[in-house]
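Architecture at a glance
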Amino acid sequence: MLAAMSFGVFVEIDGQPDALGLMETTTLPRGSELPAVGVYLDAVVVDHAAHNWQVRLRPAEVEAGG
């Protein structure tokens, strides 16, 4: 993770140095805290903008129902 903001966290995406990911707080499980800077996350891509390499992410455990 690169940085935490009140609306979510910005993350680097392994293998995609030009891409910038955003995991919004609304996608995190209720009552969970934002991940700390430097933590590796498992996430699923839910949307992307090809023109500027921005990617919206959701935690993988939320996607799996956990």
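So, here is what we can say about the structure in this document. Only a predicted model underlies this, so the values are computations on that prediction, with no experimental measurement involved.

Strand order in this open sheet of five strands is β1-β2-β3-β5-β4, and the pairing throughout is mixed. What marks the edges here is a single partner per strand, and that holds for β1 (3-5) and β4 (43-49). Between one strand axis and the next, the sheet turns through 30° on average, direction left out of account.

Looking now at the pattern of salt bridges. When charged atoms on two side chains of opposite charge get close, those side chains can pair. In the structure shown here, the tally under the stated rule is two salt bridges. With a closest N to O distance of 3.2 Å, Glu24 and Arg56 form a salt bridge. With Glu24 in strand β3 (residues 16-24) and Arg56 in strand β5 (residues 54-59), the pair connects residues that are 32 residues apart, well separated along the chain. On the accessibility criterion, Glu24 (26% relative accessible area) is partly exposed. Exposure remark for Arg56: the relative accessible area of 36% places this residue in the partly exposed category. Of the charged contacts, one joins Arg56 and Asp47 as a salt bridge, the two residues approaching to 3.8 Å between their closest N and O atoms. Asp47 gets classed as partly exposed once you look at its relative accessible area, which sits at 38%. By sharing partners, the salt bridges in this structure join Glu24, Asp47 and Arg56 into a single network.

Calculation rules
- Residues numbered from 1 in each chain as written.
- Predicted model: local features only at pLDDT ≥ 70, side-chain atom pairs only at ≥ 80, totals over all residues.
- Heavy atoms only, no water.
- Pairing = 2+ DSSP bridges.
- Helix = DSSP H or I, 4+ residues; strand = E, 2+ residues; numbered from the N terminus.
- Axes fitted to C-alpha atoms, helices over the stretch in contact; angles between N-to-C directions.
- Salt bridge = Lys/Arg side-chain N within 4 Å of Asp/Glu carboxyl O.
- Buried < 20%, exposed > 50% of the residue type's maximum accessible area, 1.4 Å probe, protein only.

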